[in-house]
Amino acid sequence: MEEKTQNLLKRLDLIKDHDPFNKRLLNDCFNLLQEANQEIQRLQYHNNNLMNVIYQNQDTLETLHEPTRE
């Protein structure tokens, strides 16, 4: 997904200022795609960190769901 987005951003960057009829629209699309891509990268980073925390605490999490024997 990231590669496709980067490719599209490069293509938009090449044409966005050269089309007088669609300049504003193309610039808006470029900016929105750039912001969305940055948000995706931020969320992927946080997701990876959360998954690492889960893996580090997997044993503790598994024992929480086991019934206690008395």
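As the structure is a computational prediction, the values presented were derived from the model and not from experiment.

Peer 1: How should the pattern of salt bridges be read in this particular structure?
Peer 2: Pairs can form between side chains of opposite charge once their charged atoms are near each other. One pass over the full model with this rule turns up three salt bridges. A salt bridge links D13 to K16, with the nearest nitrogen and oxygen atoms 3.8 Å apart. For K16, a relative accessible area of 10% puts it in the buried group. Across the pair E39 and R42 runs a salt bridge, and its minimum N-O distance is 2.8 Å. Placement of the pair is E39 and R42 together in helix α2 (residues 23-56), with a separation of three residues, close to one helical turn.

Peer 1: Looking at this structure, I do not really get a nonpolar patch on the surface. What am I missing?
Peer 2: Judged by side-chain polarity, M51, I54, Y55, L61 and L64 come together as a nonpolar surface patch covering roughly 490 Å² of accessible area. Elements represented by at least two residues in the nonpolar patch include exactly α2 and α3 (58-64). With three residues, the top contributor of residues to the nonpolar patch is α2. Take I54: it is sitting in helix α2.

Peer 1: For this particular structure, what's the right way to read the packing of helix α1 (residues 2-15) against α2?
Peer 2: Packed helices, taken two at a time, are described by the angle their axes make and the gap between the axes. Running from amino to carboxyl end, α1 crosses α2 at an angle of 155°, the nearest separation of the two axes being 10 Å. As summarised for this structure, α1 and α2 are arranged roughly antiparallel, according to the angle between their axes. The handedness of the crossing between α1 and α2 comes out as left-handed. Taking contact as the criterion, the partners of E2, T5, Q6, L8, L9, L12, D13 and I15 in α1 are, on α2, L26, C29, F30, L33, Q34, N37, Q41 and Q44. Considering only residue class, the contact of α1 with α2 consists of eight nonpolar, six polar and two charged.

Peer 1: For this particular structure, what's the right way to read α2?
Peer 2: Side chains that are three or four residues apart share a direction in an α-helix, a result of its 3.6 residues per turn. Taking 1.5 Å per residue as the helical rise, α2 with its 34 residues ought to reach 50 Å, and the 50 Å between its terminal C-alpha atoms agrees with that figure. Buried residues of α2: L26, N27, F30 and N37, and no others. Tucked inside the fold, the buried residues of α2 contact α1.

Each value, and the rule that gives it
- Going along each chain's sequence as written, the residues are numbered from 1 onward.
- At least 70 in pLDDT is required for a residue's local features to be given in this predicted model, at least 80 for side-chain atom pairs to be given and counted, and no such filter applies to totals for whole chains, interfaces and linings, which use all residues.
- The side-chain quantities take in all heavy atoms of the structure and omit both hydrogens and water.
- Each salt bridge in this description consists of a side-chain nitrogen of Lys or Arg and a carboxyl oxygen of Asp or Glu lying within 4 Å of one another.
- The rule is simple: take the accessible area with a 1.4 Å probe, protein chains only, and divide by the maximum for that residue type; under 20% is buried, over 50% is exposed, in between is partly exposed.
- Per the convention used, a helix needs a DSSP run of H or I reaching at least four residues, while a strand needs a run of E reaching at least two, with both numbered from the N terminus.
- Only residues above 30% relative accessible area that lack a salt bridge enter a patch, with like-charged residues linked at up to 9 Å and the nonpolar side chains Val, Leu, Ile, Met, Phe, Trp and Tyr linked at up to 5 Å.
- Each accessible area value is a Shrake-Rupley result obtained with a 1.4 Å probe; residue values ignore everything except the protein chains displayed when judging cover.
- Lines fitted to C-alpha atoms define the axes, with helix axes restricted to the stretch in contact, and inter-axis angles between N-to-C directions lie between 0 and 180 degrees.
- In this scheme, roughly parallel covers angles under 35 degrees and roughly antiparallel covers those over 145, while 65 to 115 is roughly perpendicular and the rest are oblique.
- Handedness of a helix crossing follows the sense of rotation of the near helix relative to the far helix, less than a right angle counterclockwise being left-handed and clockwise being right-handed.
- Two residues form a contact once any of their heavy atoms are found within 4.5 Å.
- Residues are sorted three ways: Asp, Glu, Lys and Arg are charged, Ala, Val, Leu, Ile, Met, Phe, Trp, Tyr, Cys and Pro are nonpolar, and all the rest, Gly among them, are polar.
- Here the expected length of a helix is defined as 1.5 Å per residue gap, with one fewer gap than residues.

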